[in-house]
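# Descriptive analysis of the structure
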Amino acid sequence: MANINTAGVDPTKMGVGRAIAVLTSGGDAQGMNAAVRATVRVGLYTGAKVFFVHEGYQGLVDGGNHIRPATWESVSMMLQLGGTVIGSARCKDFQTREGRLKAAYNLVKLGVTNLCVIGGDGSLTGANIFRTEWSDLLKDLISKGKIINEEAKASSHLNIVGMVGSIDNDFCGTDMTIGTDSALHRIIEVVDSITTTAQRSQIYAIDQILAMILSVFCYFVLAFIPKLLWEDTTRNAGSRLNVIIVAEGAINKDGKPITCDQLKDLVTKKLGFDTRATILGHVQRGGTPSAFDRVLGSRMGVEAVMALLEATPETPACVVSLSGNQAVRLPLMECVQVTKDVTVAMTEGRFDDAIKLRGRSFENNWNTYKLLAHVRPPETKSNINVAILNVGAPCAGMNAAVRAAVRIGLIQGHNMLAIHDGFEGLAEEKPITWNTVGDWTGKGGSELGTKRVLPGKYMEEISLNIAKYNIHALVIIGGFEAFSGALEMVQGRGKYEELCVPMVIIPATVSNNVPGSDFSIGADTALNTITTTCDRIKQSAAGTKRRVFIIETMGGYCGYLATMAGFSAGADAAYIYEEKFGIRDLERNVEHLVEKMKTTVKRGLILRNENCNSNYTTDFIFNLYSEEGKGVFDCRKNVLGHMQQGGTPTPFDRNFATKMGAKAVLWLTEKLKECYRHRRIFANTPDSACVLGMRKRGLVLQPLAELKEQTDFEHRIPKNQWWLKLRPVMKILAKYKISLDTSEHALMEHVISKKPPVHMTLTK
């Protein structure tokens, strides 16, 4: 994420004398309100005037009461609301020059020269046309006597920045659009429910959806992605689980539409199975936004304001996008052009080109799905035995990672062995099959069983069993114990030659405290649990007023959950171990809440990481707030406990775990080839034992030896954590008067478009 401004410039003065208007356009998407809220509050923080444009471009054309000043309080309680509070409308008027002339007049009269548009490619294209015509529109307004030269001079240039809000995730240049994750939540809930019925009754269920990446982490036999048809009409051997998902725009190889009814008839008549069809429709747009979409919308909103205030007349209109875990700025029209190229490629039947144009993230999702969805037993076996174990506390998504690893391993021709109960269970491993893990994606916890016990005292027994069962590689899925245990295994290689096998650690823990990865499997599910609880607690305070809630989260010494939950729930403070605090800080937070109670927002939310301070316990903070708030507000406390570890995994955790499990085994397969010497596997180099993690823009493998130096073992956390940079923004959004480190910049990048080859037909 970009920092707030250029070095040496007071961030609270950047926007003085400037005005920003924000609008939402096109179909609504969950998370738009988070983006609007962040745009308004960061804009006000910089000293700029900020305006809401109600009802999208129609409001921009109509002006008047449709364009209103935004205040800090006017965006309160927006985070948990679906859709868009400021409204969105299709606008034919804006598609005409006369309509855009009216819109320009309305903006000039208000002194607005910075426009933030949240919508799809059509909305963003319209914004760019508006910007391109701006100078000519001003000339027309002067010639018609609508504005004077001084007004035109003051508004001589219009800056445009876009954020992509769409549940379809169909915009090139960003890995995820605002709203996609929330829509996947709705779809997964329905598919999980339907799956239960289909599994019990051996019924084929056919769902029509809007989503594009769902296929990676659900459990269906067939999937039809728009413009792509995967043809396979065989039931998985021995599987009672049969769900077909078809996207609403799907066509077959001949370009003809595929419908739910057609598929239902096909399965019923040709396979003889009882089949049901369900169309999900607009339920996918409904509900509260997920934690991911709230954080994404907020991060994009902050970046959008900075892009507007840093723009010059030479800067092209840009769109703020997500690449891996990094916010980037891309030229708007380059993204729009590549998006159009995808449509052209699909229309011409060049499906492979269309997938490549969609970008690396989409292509990886598609390829992973193709590998995992269908049984393709290899002609020859590799004679490699790969063992999989779970270590540490259970978390949602572990089973999805195991499933992906097992199936990829079987596709590679390996024998996959299941180790139960962590390092203690190495003597109990047994083969694990394709169908054993068939429905594991949606199951929470750990089907293999998991323990926190480290391997140190069992090293001799472990080495004997690795030799006894001829284990050639290990996949270790778990939290900090998995990391520490693998380090002990590596250190034991000098004494026990049997431990010289490649091993890969997949971070899986709600605490998100494993070195080498921005995210751990399970953290997103826990974060959504906390966020949902905070929503309900805040809602309970809406009627009573003047109430402050203090909530304790899990995480050990890692403050990720407390910080990100504070970000997504709109907390007033989040106390964590990594950011030291004292009694004066607590007093300042109380004073902040006292002032807040004087506004129309008469409630407060405080989060505390369980191990943030041994003296300032949850009870101590509760008592302090209760005493200091007497007569102004009262307090309630809530310790969430182990509910944060339970539940079915979120779409993010299913997708992330699936890709991690697949990548881990593919890497091991290559590493085993490197380590094969004299008819046996021998791996003792540092790069033969790695952590697989998400770092900034992609999945990377880092040797344990390197990560050891980056780890605080006493407190079981990495020494450097990316999310700490978000904490100042969280405080700004809570209206704290703080300054920020402004030494870094986000530079404008370009979309790398792999132009598909031109297909030519030779004629006589």
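Since the structure is predicted, the reported quantities are computational estimates derived from the model, not experimental observations. (Residues numbered from 1 in each chain as written. Predicted model: local features only at pLDDT ≥ 70, side-chain atom pairs only at ≥ 80, totals over all residues. Heavy atoms only, no water.)

## With respect to helix H13 (residues 459-468)
Among the residues of H13, Met459, Ile462, Ser463, Asn465 and Ile466 are the ones counted as buried. Viewed end-on, H13 has its buried residues packed into an arc of 165 degrees, placing them on one side of the element. In H13, the exposed residues that point more than 90 degrees away from the buried face are Leu464 and Lys468. Looking at the buried side of H13, the elements it contacts are helix H14 (480-491). Positive phi shows up at Asn470, right after H13, with a value of about 55 degrees. (Buried < 20%, exposed > 50% of the residue type's maximum accessible area, 1.4 Å probe, protein only. Helix = DSSP H or I, 4+ residues; strand = E, 2+ residues; numbered from the N terminus. Arc of directions from axis to C-beta. Contact = heavy atoms within 4.5 Å.)

## Structural notes on unusual backbone geometry
Even without being a glycine, Lys696 presents a positive backbone phi close to 55 degrees. Tracing the backbone through its elements, the reader meets Lys696 in the loop between strand E24 (689-695) and strand E25 (698-703). Residue classification places Lys696 among the exposed positions, given a relative accessible area of 55%.

## Considerations on the sheet that holds strand E5 (residues 159-164)
In spatial order, the strands read E3-E2-E1-E4-E5-E10-E11; together these seven strands make up an open sheet with mixed pairing. Only two strands of the sheet have a single neighbouring strand rather than two, namely strand E3 (67-69) and strand E11 (326-331). On average, each strand axis in the sheet is tilted by 25 degrees relative to the strand beside it, whichever way the strands run. Here six bridges tie strand E4 (residues 114-119) to E5, and the two strands are oriented parallel to one another. Across the sheet, the residue bridging to Leu115 is Ile160, located in E5. Strands strand E1 (19-24), strand E2 (49-53), E4 and E5 of the sheet are contacted by helix H1 (residues 32-45), whose axis makes an angle of about 175 degrees with E1. (Pairing = 2+ DSSP bridges. Axes fitted to C-alpha atoms, helices over the stretch in contact; angles between N-to-C directions.)

## So, the nonpolar core
Ranked by internal contacts, the top residues of the largest apolar core, which has 118 residues, are Met163, Ile388, Val402, Ile432, Val475 and Ile477. Counting residues per element, this core draws most heavily on helix H8 (residues 291-310), at 12 residues. Excluding its chain neighbours within four sequence positions, the residues that come into contact with Ile432 are Val402, Val406, Met416, Leu417, Ala418, Val437, Trp440 and Leu448. Counting 47 residues, the second-largest nonpolar core is a separate cluster that includes Phe51, Ala104, Ile160 and Val751. (Core = buried A, V, L, I, M, F, W, Y, C linked by side-chain atoms within 4.5 Å.)

## Details of the packing of helix H17 (residues 583-596) against helix H18 (residues 618-628)
Remark: H17 packs on H18, axes separated minimally by 10 Å, with the N-to-C direction vectors making an angle of 45 degrees. By the criterion of interaxial angle, the relationship of H17 to H18 is oblique. You can see that H17 and H18 cross each other, and the crossing is right-handed. Facing Ile583, Leu586, Asn589, Val590 and Leu593 of H17, the residues of H18 in contact are Phe620, Ile621, Leu624, Tyr625 and Glu628. By residue class, the composition of the contact of H17 with H18 is eight nonpolar, one polar and one charged. (Parallel < 35°, antiparallel > 145°, perpendicular 65-115°, else oblique. Left-handed = near helix turned anticlockwise from the far one by under 90°. Nonpolar A, V, L, I, M, F, W, Y, C, P; charged D, E, K, R; others polar.)

## Concerning the pattern of salt bridges
One pass over the full model with this rule turns up 34 salt bridges. With its nearest N and O atoms 3.3 Å apart, the salt bridge here joins Glu591 to Arg584. Owing to a relative accessible area of 42%, Glu591 belongs among the partly exposed residues under this scheme. Two residues, Arg636 and Asp634, come together in a salt bridge whose shortest N-O distance is 3.6 Å. The structure contains a network of salt bridges with shared partners spanning Glu303, Glu310 and Arg329. (Salt bridge = Lys/Arg side-chain N within 4 Å of Asp/Glu carboxyl O.)

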